[in-house]
Every structure is written in structure tokens, then in C-alpha cells.
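Analysis of the macromolecular model
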Amino acid sequence: MDCCAAPKVDVKDPVCGMTVNPAKAAGTEEHAGTQFYFCGLGCAAKFRADPEKYLQPKVTAPPSKAELETEYICPMDPEVSKMGPGSCPKCGMALEPREVSAVEDRSELVDMTRRFWISIGLSVPMLVLMVSGFLTAMPLQHILPAVAWAWIEFVLATPVVLWCGWPFFVRGWQSLVNRSLNMFTLIALGTGAAYFYSIVATIAPRIFPASFRDMDGQIPVYFEPAAVIIALVLLGQVMELRARSQTGSAIRALLGLAPKMTRRVDEQGGETDVPLEQVHVGNRLRVRPGEKVPVDGVVLDGHSFVDESMVSGEPMPVEKDAGAKVTAGTVNGTGGFLMRAERIGSDTLLAQIVKMVSAAQRTRAPIQRLADRVASYFVPAVIVASVITFVVWISVGPEPRFAHALVNAVAVLIVACPCALGLATPMAIMVGTGRGAGAGILIRNAEALERFGEVDTLVVDKTGTLTEGKPTLTAIMAQDGFGADEILQLVASLERASEHPLAAAIVKDAEAKKLPLSDVRGFGSITGKGVKGSVSGRQVAVGNAELFRELGIDASLLTAQAEEIRRERQTAMLIAVDGRAAGVVGVSDPIKASTPDAIRELKEAGLKIIMITGDNATTARAVAAALGIEFEADVLPAQKAEVVKALQRQGSIVAMAGDGVNDAPALAQANVGIAMGTGTDVAIESAGITLVKGDLRGILRARRLSQATMRNIRQNLFFAFIYNAAGVPLAAGVLFPTFGLLLNPMIAAAAMSFSSVSVISNSLRLRKVKM
């Protein structure tokens, strides 16, 4: 790198936190002319190797226009939001952008890390001085008079308290102004009281009465506890910020899946590499071996195997031929193919996954209400406990009473900081939803994640959920006077106007046989019954017995044929032409290969499984018998939600799994709606959980994730409560009358930080939970 004349800005090395120098990249075309910053300790090599990952310059200037136009929210309380960066008025934590970006903003982590190391450098000499009084026969304190040591500690502690700890005092003041007391209120009160008392004791020791003095006649000062507490709290903040960074790693990993460039093929067959932003719907794109699929689309030509594990959670590559769907961010194997772009930008599945996961991580689980309710009373209660501790010690404590009273009151304030309580639920939710996204389980909100572990009844739709959702025409039975091809031609012409998957199977078969299809007049769809219309001047109706009754057509001639088809687990569709029964077509939708094993494991997990379908009872019974589950047949779309309601009235906690438009009301009614990712957008929007793969095994994985996350949250809450429940009495001096033991404020700060670290570490275990 060659040095260049660039304006001096305050840019910090994200690795070591030191101020770095500007330089201009040279040598490679990719980085030519790019402004870099490098550190004298040798971190420049990392900048050169991966500048986007390591280079996070932060100029000391007001927020940019882009930042001011960006909505920021509190990571612990998503209801708190503002335009532009800042801190939360409730909890004091730094606000984060609502929309997650691929590049992580490490500015707060860098700032807190720098403050931490400076606080350590200045606090260690004070600790050495204090420890020497206990471990050596000739304490260092004897080298100089006590007054001189007090001034030395003042010089060392002042930068730690007033500069390193300044963010805590700002947030503590904001908590008072906003009448929302939080952990920073306690930290500011505790360290501020110890520090400013010590200043007065150092500057004007004669104003204190004899009861304030120790056995040597000196006024004790508490610069070192104030400084060490700040250092330990900064350590907790650094660890928390690092952990929060790791919770967002799942989203950033997803954001990084999409390639930056792709190869576009023009009408003449020429190929050009273009940025992804220049791709439009309908463009033809070449995907070469080993490349990532740039956008959602369909294969036009070629053959390959594509690794879709990053969005589906399934490790086995999926074979892709002409007509197959491909998803942005998935990795092509050894073959190559030509594809057509169908969804780009924010419309791709990958973008929708990122958006959904990001939104879910900002939601609040119902269990968090308990923590919120406790926290709302906790800080005022701690302040009251600290005041009581001070009053008791100064009234009946041993000499020097004021010193003991101050130290124990500060210890109570510090040990009871509710940081761990605030982190207990959000950290687990963030890690859990991110873990789910990596396994093809998209969770819309924290409530769905919490509730799913309590589900005892699973209601499933048949088509597309238990079955492949790719029906094929398997039988045509024509009545006398009608030919099989004639029936197929009329039915396919009518069904071409329908969007039902069974209709698509009939049309596909007719096209394969190259039968000419006619236009339809007066097409009408009767929900849950069938369709009717005029084809080439003939009145055609396709549906079930209910449709025939409504049209006044005798269906008795078709009953035996329909029952024969249904016993083979096929859907029978009755055909009428010009007012009389003309025949029956059978459409088969095979059960997914993974369904039997998934059903068995779900039943072993204690779930009652009920299939609901609009199919005839004979077909439903055959499918249910093959899977060993209960069923409800002849259920109209509007009645599916009623079935769910009936189960809920019986006391069941119901999850509903489906993939069609007609499933949306039932998905919304269920305690937890589960949409198969292979289904419609309406179903996905109505569900709390979406399975990208559309596989029932995903339900089992989602349930395990829910149970693991809730178990983790309860453990976190236990850690948070147990530290405070045990720490406050110890800090108040409950053991002093019996054992003569007191909790030093520095130990209290360490315990407080350790409680937060325990919660953070426990939450991060969810990243490796077995599903």
C-alpha cells in the first residue's frame, strides 16, 4: 500500500482499537483506488485480505443523512424506536438499525473495547496497591503517606470513572429523565457515590467527624472500587456486544449467500457478467459449476444438482432439470444450466427469509412479560434496599460506620444490576430464530416459537402437506356414449380456467396427448364442490356429489366407479355433460416419502394428529389408514377453521399445517399456524411458522427448537434471579454478624458481570442445538 494525502479522520482499527492511518490500495483491479486505513501493529494485512469484513471506519462526525433517515430500535425492547442512532431511554442500550445489513456495525464494540483496556491499564496499579496490603509484610502503602496515595488513586481513577465510564453516567441520567430506571441507574449511583465521596475525603478530610475515620485516623477512600467496577462493567458490555454480534451472524450469513455478480445471456446468445442489481425479471442467466444461484427462477436448459441446505436445512443436493425451480443463494454442483429470472431483489425467497427472521428477532415472547413485570419493580426495590442498608449500617454498624454503610450500599446497587434479567429472553429468541432459519424453519414471531412447544394436537391438510402436491391423472372411466379422450378434452378445457392443483394434472395429461383444448364460456367455481362452464357449446360440470345435487344431476351411475378409485387413495372427480353423468376421472397425489416416518416421530413426541380434507371419506380413510392417523373428510374450506375451533374448545392447543389459500383461515385460527414453503403466499402470510422445504419432518425440528429455546429462556431467568436473590442479602451484610464477612463492591461487580455472561453463554448454546 502506498501512502496518500488524505484528510485526518478518527478511524479506529476494529481489531485492536488503535487510531489508524489512511492509505490507498494498489495492485489489484478490484481494490484499485479504494480508500483503506491500516494500523501500525500490522492489521493492514487483514484489511488487504478482506476489507469488507475488517474495515469498519467510524469518522467522528454527526450522524450521516442515511443514518438519520434509518429507523433504529432497541434490541431488548423493539417497541422503542427512533430515526437515527442513539440509546434506548428505557434500558440504556445502544439502538440498532431495524433493517439488518450484511456489513456489521462494530463501532460500539470498538468504543467499549477501547474504554475497557484503558480502564484495565489504570485500575491494575490500584489493585496491586490494595492487594499488597494483604499479601506482603511491608505494604506499598507505607512508602508514601496516606494522603499522597489518595491523590495518586484520584489521578488514576478519574479517567476511568469520568471517561471510560462516561456512557454509563449518560445512560443513568437518561433513565432518571425518562423515569425508566435500569441497570445504568444503579451503576451510575453506585460508582458515582463512591467516587465523589472519595474526592471530598481527599480534598477536605477535616470536615469529617471521628466516626468516619479508621483505626489509623484516616478517612477511607474508595477510588479503586469505583474504577474496578467501571472496568468490570465495561468487560460485561464488551462480552455482551460480542455475543449480540454472534446472534446476528445467522442473518448476516444469509445476506452473504447471494452473489454480487452473475452472467446474463442476451437474445443473440452473448454472455456478460453484470452486477446483481442489473438483473430484471425475465432475464436469462448462466449458472456455471460451483457458482451460487443469483435469483429465484426456473431452469430453461441443462442439468445439475444444487445444494439447497442453506435455505432448506436438507443436506442432500437436489437434482435440477429443465422446468425445475431454483432459489437464490443455493450452490450449484458440477453441472451447468441456463435459467430465467422470476423473482429478484427483495422478492426472492432468500430476501423474504432474511426479512422474516430479522422481524422475528425483534418480537417479544409472552414469557418476557414476567421478566418485564419483575424488572419494572426491581430497580426501585434495589435502590430502597441500598438506602435501608446504608441506614442500618450507619445506625448500628461497627466503626467506621459511614465507611461501612457506603461500601455495603454501593455493593447492593452493583450486585443487583438487572442486566442479565433484560438479556434472558431476547438473547435466546435471537439465537433460536437464527438457528431455525439455518434449518429451513422460518419463525414469524417469538410468540409462535414459545407456543409451539406446548402444542398437543396437530391438524394437517392432505394435499401438499401429507402428499407431494403434484397430482397426476391416473384413471378415466367414461359412461356409454362418451369416449375417454372426449371426456378428457372437455374436462381439460374447463379445468384450464381453474387454479386447483388437481385441475393442473388433468390439463397436463391432455396436453401430453396433444388433445386440442377449447375456450370456456361462463366459467364458475363453487367452493368445495367443483367447477362448471360451457365448452364448445356443451355444458360441462366437474366436481363431487354435492355439485351434482346442486345442479339436479343423477350421480348414482358413477357411485361404484368413484368408490373403486377412492379405495386406491385417489381423488375421484365426477363428470357431467349436458346435464347427464358422463364419467369419472381419478387423480392420484402420492404420499411424500418422508411423511410416514415424520408422522411416526410426531406421534412418539406425544402429538395427536388429525388430517382434514375436502376429499371424499373413502379416499381420506385410505390415506389416514396408511399413515395411522385420525381424519375429517368432506370438509369445506370455511369449515377447516371450525374444526380447529372445536378442538380448542375441548382444551387442545392446536397447530395447523397447510399450504393452500383455503387453509389460510384455519392457519390464522390455530394457536400456531404452520405453512409449507412450497405453498401459496397467502398461507405463508397467515402462519406463525413456515417450513421452507415443505416437509413434515420440519414440524418435528421446529417443535424441538421451540422446546429447546423455552428451556433455555427458563434457565436464563433462573440464572438472572438466583444471582440477585443471593447477591443482595450478601451485599447488604447479612453474613457479617455471624461470620464477619462482607461483599466487596468489586466482587459484587464481578458477580453482576458473570451473571450476564452466564445468560449470554447459555443462549449461544442454541446455535448448536440438535433438531
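This text follows the structure it describes.
Residues numbered from 1 in each chain as written. Predicted model: local features only at pLDDT ≥ 70, side-chain atom pairs only at ≥ 80, totals over all residues. Heavy atoms only, no water.

1. Topic: the pattern of salt bridges
Counting across every chain of the model gives 22 salt bridges. The partner of D273 in a salt bridge is R263, with the nearest N and O atoms 3.1 Å apart. Linking D273 in strand β7 (residues 271–275) with R263 in strand β6 (residues 261–265), this pair joins segments that are 10 residues apart in sequence. Taking the shortest distance from any N to any O, the salt bridge between R340 and E342 comes out at 3.3 Å. Judged by relative accessible area, which is 29%, E342 ranks as partly exposed. One network of salt bridges, in which partners are shared, links R263, E271, D273, R286, R288 and E291. (Salt bridge = Lys/Arg side-chain N within 4 Å of Asp/Glu carboxyl O. Helix = DSSP H or I, 4+ residues; strand = E, 2+ residues; numbered from the N terminus. Buried < 20%, exposed > 50% of the residue type's maximum accessible area, 1.4 Å probe, protein only.)

2. Details of the packing of helix α7 (residues 183–203) against helix α13 (residues 401–415)
Where α7 meets α13, the axes come as close as 8 Å, and the angle between the chain directions of the two elements is 155°. By the criterion of interaxial angle, the relationship of α7 to α13 is roughly antiparallel. The handedness of the crossing between α7 and α13 comes out as left-handed. Facing α7, whose interface residues are L186, I187, L189, G190, T191, A193, A194 and Y197, α13 presents F402, L406, V410, L413 and I414. Residue composition of the contact of α7 with α13, by class: 11 nonpolar, 2 polar and no charged. (Axes fitted to C-alpha atoms, helices over the stretch in contact; angles between N-to-C directions. Parallel < 35°, antiparallel > 145°, perpendicular 65-115°, else oblique. Left-handed = near helix turned anticlockwise from the far one by under 90°. Contact = heavy atoms within 4.5 Å. Nonpolar A, V, L, I, M, F, W, Y, C, P; charged D, E, K, R; others polar.)

3. Digging into the sheet that holds β6
Two modes of strand pairing occur in sheets, parallel and antiparallel, and in both the strands are linked by backbone hydrogen bonds. Taken together, the 6 strands give an open sheet; going across it, the order is β7-β6-β8-β14-β9-β12, and neighbouring strands pair in antiparallel fashion. Where the open sheet ends on each side, the last strands, each with one partner, are β7 and β12 (325–326). Where β6 and strand β8 (residues 284–287) come together, 3 bridges link them in antiparallel fashion. Looking across to β8, one finds that R264 is bridged to L285. (Pairing = 2+ DSSP bridges.)

4. Digging into the side chain of T595
Tracing the backbone shows T595 in helix α21 (residues 595–604). Residue T595 is classed as buried on the basis of its relative accessible area of 0%. Ignoring sequence-local partners within four residues, the contact set of T595 consists of T465, L466, L627 and L696.

Distances and angles like these do not, on their own, reveal function.
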